[in-house]
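The primary structure of each chain is shown beneath.
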Amino acid sequence: MIVTTAQLFKHAYGKYAVGAFNINNAEQAMGLFQGAVDAKSPFIIQISKGARKYTDKRMLEAVIRAAGDIYPDAIYAVHLDHGDEETCYDCIDSGFFSSVMIDASHETFEENVAITKRVVDRAHAKGISVEAELGMLGGVEEDIVVEEGNACLTDPAEAEEFVKQTGCDSLACAFGSSHGAFKFKGRQSLHFDVLEKIRDRLPDYPLVMHGSSSVPQDEVARINAAGGEIAGSMGVDVNEYLPAAQRGVTKVNIDTDGRLVWTRVHREFFQKNPEQFDFRPPGKIFIAEYAKFIASRCELLGAAGTLDDLRGSLKA
Ligand code: G3H
Ligand code: 13P
Ligand code: ZN
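Remember, predicted model here, so these are calculated numbers, not experimental data.

### Thoughts on the pattern of salt bridges
Evaluation of the coordinates by the stated rule reveals 20 salt bridges. Between lysine 57 and aspartate 90 there is a salt bridge, with the nearest N and O atoms lying 2.8 Å from each other. Remark: aspartate 90 occurs in helix α5 (residues 85-94) and lysine 57 occurs in helix α4 (residues 57-70); sequence separation between them is 33 residues. A relative accessible area of 35% places lysine 57 in the partly exposed class. Looking at aspartate 90, the relative accessible area reads 31%, which means it is partly exposed. Notably, a salt bridge pairs glutamate 160 with arginine 201, separated by 2.8 Å at the nearest N-O pair. Placement of the pair is glutamate 160 in helix α8 (residues 156-166) and arginine 201 in helix α9 (residues 192-201), with a sequence separation of 41 residues. With relative accessibility at 29%, the residue glutamate 160 sits in the partly exposed group. Among the charged side chains, a network of salt bridges with common partners joins Glu219, Arg264, Glu289 and Lys292.

This is the structure we're talking about:
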């Protein structure tokens, strides 16, 4: 059942975070639905601009509709990830999306406000929620002097002002996470002090953490042992997901870790079976492994086991 992102956030706020997972194809969709249903967890499907272009935007929508039929117990929202203004309007008009993200975080504060406000007005007219972003994610490292590191982090006072001026429904904030597989050279901790200051200025307001992959070291080692060359990197500590959720983070974005699962499965399969050229056997393994990964993330986010209570609250 597709629900609004706002409904998911209302149920989750302060208790758990909803995992937001990017999909690009049918195998990812099947693994995602299976894993979330196994964990009895709601989830958010994210579609990036690149994912919409990979095959065709209509293809992904059809895949999600089919997965929804195959897994009737699933409760989820469909979200545009890192949209520009034009893509936001396309998704708002499609009638398929629960929410869109307008990412104008690279613009000045004033320009970010102006762009976000335009998208909010168009989205709200159709009952669609908007996630915006303030601050810049990056590889903020523990050994960087605080002033320099904090230069990219979200300013709590600006966050309050930004939400007031734009009316956006959730805000992606930079407080120490980073996109991609090459996040931090050393151990990295989230800046909970910054998150708490944002939460205090925006109480009961849904915050979003991008760049939340953990880059499991055993996964990277297996990829490299099977012929990969992924340089050493550390991700977000999975034990920090729940503390972040308890401080107002309701949506945790994970994409890179899923790509690592895909790469490990396919490299290992074809290394062990060099005579093989049928992509379906590794595809089947990937779906099962991705489902296990999704279920494990739902557990760590505190979302596992919440589905029945959520279903009840949606009926009430
Ligand atoms: O943060 C970006 C997401 O990981 C989506 O990546 O634009 O390559 O689909 P993509
Ligand atoms: P990762 O690269 O850490 O998976 O982050 C994904 C993300 O933020 C998608 O918007
Ligand atoms: Zn992101």
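### Some points on the packing of aromatic side chains
By the definition in use, this model includes nine aromatic pairs. For the ring pair phenylalanine 109 and phenylalanine 162, a centre distance of 6.0 Å and an interplane angle of 70 degrees mean the geometry is edge-to-face. Of this pair, phenylalanine 109 sits in helix α6 (residues 109-124) while phenylalanine 162 sits in helix α8, placing them 53 residues apart in sequence. Note on phenylalanine 109: relative accessible area 18%, which makes it buried. Relative accessible area serves as the criterion here: at 0%, phenylalanine 162 is assigned to the buried category. Taken together, the aromatic side chains of Phe33, Phe43, Tyr71 and Tyr76 make up a single cluster linked through ring pairs. Positioned above the aromatic ring of tyrosine 89, the side-chain terminus of arginine 122 is 3.9 Å from the ring centre. Taking NZ or CZ as reference, arginine 247 lies 5.0 Å from the ring centre of phenylalanine 192, over its face.

### Details of the state of the cysteines
For the coordinates displayed, the defined rule picks out zero disulfides. No disulfide involves cysteine 173; its sulfur sits 9.1 Å from the nearest other cysteine sulfur, which is in cysteine 168. Residue class for cysteine 173 comes out buried when judged on its relative accessible area of 1%.

### With respect to the nonpolar core
Formed by 75 residues in total, the largest nonpolar core has its most connected members in Ile45, Leu171 and Leu207. Listed in part, the 13 residues of the second largest apolar core include Ala20, Ala77, Ala303 and Leu307.

Rules used throughout
Residue positions are given per chain, counted from 1 along the sequence in the order it is written. The order in which chains are written sets their letters, starting at A; the order in which ligands are written sets their numbers, starting at 1. Residues qualify for local features only when their pLDDT is at least 70, as the model is predicted, and side-chain atom pairs are given and counted only at 80 or more; totals for whole chains, interfaces and linings, by contrast, use all residues. Each side-chain value is worked out from all heavy atoms of the structure, with water and hydrogens disregarded. Throughout this description, the term salt bridge denotes a Lys or Arg side-chain nitrogen within 4 Å of a carboxyl oxygen of Asp or Glu. Helix and strand assignments follow DSSP, with helices taken as H or I runs no shorter than four residues and strands as E runs no shorter than two, numbered in order from the N terminus. Using a 1.4 Å probe on the protein chains alone, a residue whose accessible area is under 20% of its type maximum counts as buried, one over 50% counts as exposed, and one in between counts as partly exposed. The rule is short: rings of Phe, Tyr and Trp, with Trp giving its six-membered ring, pair when the centres are within 6.5 Å, and they are stacked under 30 degrees, edge-to-face over 60, tilted in between. Only when the NZ atom of a Lys or the CZ atom of an Arg is both within 6 Å of the ring centre and within 35 degrees of the ring normal do we say a charge sits over the ring. Note on disulfides: each one is a pair of cysteine sulfur atoms within 2.5 Å. Remark: nonpolar core denotes a set of buried residues (Ala, Val, Leu, Ile, Met, Phe, Trp, Tyr, Cys) joined through side-chain atoms within 4.5 Å.

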